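Letter by letter, the chains look like this.
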Amino acid sequence: MIFKNVPHIRLASRLKISKMGMRAFHRVSSFVKPTTKMIQSFGQEATKARLGINEEQLLKLLAGDSIPVDLDLDDGYVILDLEKRWILGLGLLINGRVRSQLPRKELRESMMRGLSIDD
Amino acid sequence: MEEIFKCYREIIPEFGRFQESLHKPLPNHIRVNRLKAETDSVVKSMEGKGIHLEKAFEKHDTLYLAPTLKSPGNQIEYFLGHIHPQALTSCLASIVLSPGNDSYVLEMCAAPGGKTSHLAQLMNNTGLIVANELYPSRHIPLGHVIERLGVLNTVITGYQAQEFPLKQRFDYILADVPCSGEGKFRKIKESSIYNETREKQKLPDLQKKIILRGFDLLKEEGKMLYSTCTYNPEENESVVSFLLQNRDAVLLPLDAGFDSEAGILEWRDEKYDTELQKTARFYPHRINSVGFFMARIGKRR
Ligand SMILES: C[S@@+](CC[C@H](N)C(=O)[O-])C[C@H]1O[C@@H](n2cnc3c(N)ncnc32)[C@H](O)[C@@H]1O
């Protein structure tokens, strides 16, 4: 969980808390995977493992296809940056190809309609 | 034209215009989430898609009417947490409470989280908000809103607001209580009918308990906002009047920066203290949003 450490937290710890802050990681079998929301909030700070994609590539990813990338990166999660403008979430790089790890239900193809990305 | 909410004919000004407003759909209104995006770039990106945005509030550049926007939830800006669809009057509640940076805040009835996330935005993600919501099933949408909007200063609890533990005191409290929701009703289709539930009778009792508990949880210098989205005086002025009779509470001036009416001073056989004029009623024909009521409350010193 990501949570700002503030003095009030000592007071709040006397309450029965059901959820705190933003979930930062999911456990996927024996791995940990950063959450989309954490990447959206903090991905801007990342200097490595960032992959710029364009709208066409995003539509391919959303359709379930993989896209080839020419990046000097180890296999693993990459941060997907749409037109160097919007940090969307994660992709998974394996053997030079990236697949979407974006939440299917939340990011839909129809959201791309009318985007004027090239300005 | 069939009259709706006839019983309020005497207290709602320009009742004819009020009636007309109920036959128009509620306009889409969005809040730009400054925790994740800059207002200018969001406005530019949405207008670039042909979505017309009208600034709703001169003093706040994050609130926009979006008359042509059909489904805000189907925009990439929604997925990214850059915008949140939220009624204008609902946004005004957090603005009127206006908690400062680093304060300790309680939202007593918090789901689905529009106001909690707006409070976090006004606090620049500093301090701490306790977002309380009785029903665990409503913690899920509340958690989603908080996460999507990049809120980092909030914890969720599940107490009955009227029994929230008295172990500590808060700088700011929002009591946005469960209410009959009359202010949201619009007669868009022939079939839309405002159905009064049996629950409505029980609400004032619960609201009175919640307002007292909220007041007891305030620090000496603390400020509380009591709000509903109903026209019903029994859920509004009567509840605030009950607080004034039972605690050393004072009503503070309230300037939302929008056209509102002062609270009423009598309803049926009840008369209220003139202080109640400091509360505010927002009507759809004046502000083109959800009907709303607010009272800003402090401690007598
Ligand atoms: C008017 S809504 C709050 C809206 C919320 N403040 C927002 O801006 O998104 C009232 C909420 O109070 C919850 N509720 C009902 N009874 C409650 C109680 N006794 N204690 C705490 N919450 C309660 C309801 O489930 C509902 O989510």
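### Focus: the overall build of chain A
Moving on, step 1. Looking only at helices and strands, chain A has three helices and eight strands in total.
Moving on, step 2. The globule rule puts the C-alpha radius of gyration for 119 residues at 14 Å, and the 17 Å found for chain A is more than 25% above it.
Moving on, step 3. Projected onto its principal axes, the C-alpha positions of chain A cover 50 × 35 × 25 Å.
Moving on, step 4. When the 119 residues of chain A are sorted by exposure, 40% land in the buried category.
Moving on, step 5. Across chain A, the fraction of contacts at a sequence separation of at least 24, relative to all contacts at a separation of at least 6, is 52%.
Moving on, step 6. Counting every atom, chain A has about 7300 Å² of accessible surface; 49% of that belongs to carbon and sulfur.
Moving on, step 7. Computed over 20 positive and 14 negative side-chain charges, the inter-centroid distance for chain A is 15 Å.

### Looking at the packing of helix α4 (residues 88-97) of chain B against helix α5 (residues 114-122) of chain B
Residue and element names in this part refer to chain B.
Moving on, step 1. In contact at an axis separation of 9 Å, α4 and α5 are set at 40 degrees when each is read in the N-to-C sense. Between α4 and α5, the angle is such that the two are oblique. When you trace α4 past α5, the crossing you get is right-handed. Two secondary-structure elements touch here, α4 through Ser90, Cys91, Ala93, Ser94, Ile95 and Leu97 and α5 through Lys115, His118, Leu119 and Leu122.

### Remarks on the interface of chain A and chain B
Moving on, step 1. Counting residues at the interface gives 40 residues for chain A and 38 residues for chain B.
Moving on, step 2. Taken together, both faces of the contact between chain A and chain B bury some 3100 Å²; the carbon and sulfur share is 62%.
Moving on, step 3. The interface formed by chain A and chain B includes 15 residue pairs in polar contact (both at pLDDT 80 or more).
Moving on, step 4. Where the side of chain A that touches chain B is concerned, the elements lending two or more residues are α1 (8-12), β1 (17-20), α2 (36-42) and β7 (86-94) of chain A.
Moving on, step 5. Among the elements that line the side of chain A that touches chain B, the one with the most residues is α2(A), at five residues.
Moving on, step 6. Taken together, the residues of the side of chain A that touches chain B break down into 20 nonpolar, nine polar and eleven charged.
Moving on, step 7. Both β1(A) and strand β7 (residues 154-157) of chain B contribute to a ladder of three bridges, which runs antiparallel.

### Here we look at the packing of aromatic side chains
All names here are of chain B.
Moving on, step 1. Enumeration over the complete set of coordinates arrives at 14 aromatic pairs over all chains.
Moving on, step 2. An angle of 85 degrees between the planes, with centres 6.1 Å apart, marks the rings of Phe5 and Phe185 as edge-to-face. Highlighted residues: Phe5 in the segment before α1 (15-22) and Phe185 in the loop between β8 (170-176) and α7 (199-216), separated in sequence by 180 residues. Each member of the pair Phe5 and Phe185 is classed as buried.

### Here's the deal with the pattern of salt bridges
Moving on, step 1. The tally for this structure, following the rule as stated, stands at 23 salt bridges over all chains.
Moving on, step 2. Across the pair A:Arg50 and A:Asp81 runs a salt bridge whose closest N-O atoms are separated by 3.1 Å. Here the residue A:Arg50 occupies a position in strand β4 (residues 50-53), and A:Asp81 occupies one in strand β6 (residues 76-82), the gap between them amounting to 31 residues.
Moving on, step 3. Among the salt bridges present, the one from B:Arg301 reaches B:Glu221, with a minimum N-O distance of 3.0 Å. One end of the pair, B:Arg301, is in the segment after β15 (292-299); the other, B:Glu221, is in strand β9 (residues 218-228), with 80 residues separating them in the sequence.
Moving on, step 4. Among the charged side chains, a salt-bridge network with shared partners connects B:Glu14, B:Arg17, B:Glu261 and B:Arg286.

### Some thoughts on the environment of B:Ala93
Residue and element names in this part refer to chain B.
Moving on, step 1. Structurally, the position occupied by Ala93 is in helix α4.
Moving on, step 2. Classification of Ala93 by relative accessible area gives buried; the value is 0%.
Moving on, step 3. Distance in space between the C-alpha atoms of Ala93 and Glu199 is 24 Å, their sequence separation being 106 residues.
Moving on, step 4. Residues in contact with Ala93, not counting those within four places in the same chain, are Lys115, Leu225, Phe292 and Met294.

### Remarks on α5(B)
Residues and elements named next belong to chain B.
Moving on, step 1. With eight of its nine residues buried, α5 lies for the most part within the structure.
Moving on, step 2. The set of residues buried in α5 consists of Gly114, Lys115, Thr116, Ser117, His118, Leu119, Ala120 and Gln121.
Moving on, step 3. Looking one or two residues past α5, Asn124 carries a phi angle of roughly 55 degrees, positive in sign.

### Concerning the sheet that holds strand β3 (residues 63-65) of chain B
Residues and elements named next belong to chain B.
Moving on, step 1. What the four strands build is an open sheet, ordered β2-β3-β1-β4; its pairing is antiparallel. The open sheet is flanked by β2 (54-55) and β4 (83-85), the only strands paired with a single partner.
Moving on, step 2. Here helix α2 (residues 39-48) sits on the sheet in contact with β1 (29-32), β3 and β4, set at roughly 140 degrees to β1.

### Topic: the site of the ligand
Residue and element names in this part refer to chain B.
Moving on, step 1. Looking at the ligand, there are 22 residues lining it, with Glu107, Glu133, Arg138, Ala161 and Asp176 nearest.
Moving on, step 2. In the environment of the ligand, a nitrogen atom lies 3.0 Å from a nitrogen or oxygen atom belonging to the backbone of Cys109.
Moving on, step 3. Gln162 is positioned such that a nitrogen or oxygen atom in its side chain is 3.0 Å from a nitrogen atom of the ligand.
Moving on, step 4. Surface burial for the ligand is 88%, taken as the share of its 600 Å² of free accessible area covered by protein chains.
Moving on, step 5. The site holding the ligand turns out to be the largest pocket.

### Examining the pairing of β7(B)
Residues and elements named next belong to chain B.
Moving on, step 1. Of the two faces of β7, both are covered, the one formed by Thr154 and Ile156 as well as the one formed by Val155 and Thr157.
Moving on, step 2. When strand β6 (residues 128-132) meets β7, the two strands line up parallel, connected through four bridges. Bridging from a neighbouring strand, Val130 pairs with Val155 of β7.
Moving on, step 3. Tracing the backbone out of β6, into helix α6 (residues 139-148) and back to the parallel element β7 gives a crossover that is right-handed.

Basis of the calculations
Residues numbered from 1 in each chain as written. Chains lettered and ligands numbered in written order. Predicted model: local features only at pLDDT ≥ 70, side-chain atom pairs only at ≥ 80, totals over all residues. Heavy atoms only, no water. Helix = DSSP H or I, 4+ residues; strand = E, 2+ residues; numbered from the N terminus. Rg over C-alpha atoms; globule rule 2.2 N^0.38 Å. Buried < 20%, exposed > 50% of the residue type's maximum accessible area, 1.4 Å probe, protein only. Contact = heavy atoms within 4.5 Å. Areas by Shrake-Rupley, 256 points an atom, 1.4 Å probe, with all protein chains shown as cover. Lys, Arg positive; Asp, Glu negative; His and termini not counted. Charge placed at Lys NZ, Arg CZ, Asp CG, Glu CD. Axes fitted to C-alpha atoms, helices over the stretch in contact; angles between N-to-C directions. Parallel < 35°, antiparallel > 145°, perpendicular 65-115°, else oblique. Left-handed = near helix turned anticlockwise from the far one by under 90°. Buried area = accessible area lost by both parts, 1.4 Å probe. Polar contact = N/O pair within 3.5 Å; in protein donor to acceptor, adjacent residues only side chain to side chain. Nonpolar A, V, L, I, M, F, W, Y, C, P; charged D, E, K, R; others polar. Pairing = 2+ DSSP bridges. Phe/Tyr/Trp six-rings, centres within 6.5 Å; stacked < 30°, edge-to-face > 60°. Salt bridge = Lys/Arg side-chain N within 4 Å of Asp/Glu carboxyl O. Near = heavy atom within 4 Å. 1 Å grid on protein atoms, 1.4 Å probe; cavity = no way out; pocket = protein on both sides within 12 Å on 5 of 7 lines; lining within 4 Å. Sits in = over half its atoms within 2 Å of the grid points. Right-handed = clockwise from strand over helix to strand, strands pointing away.

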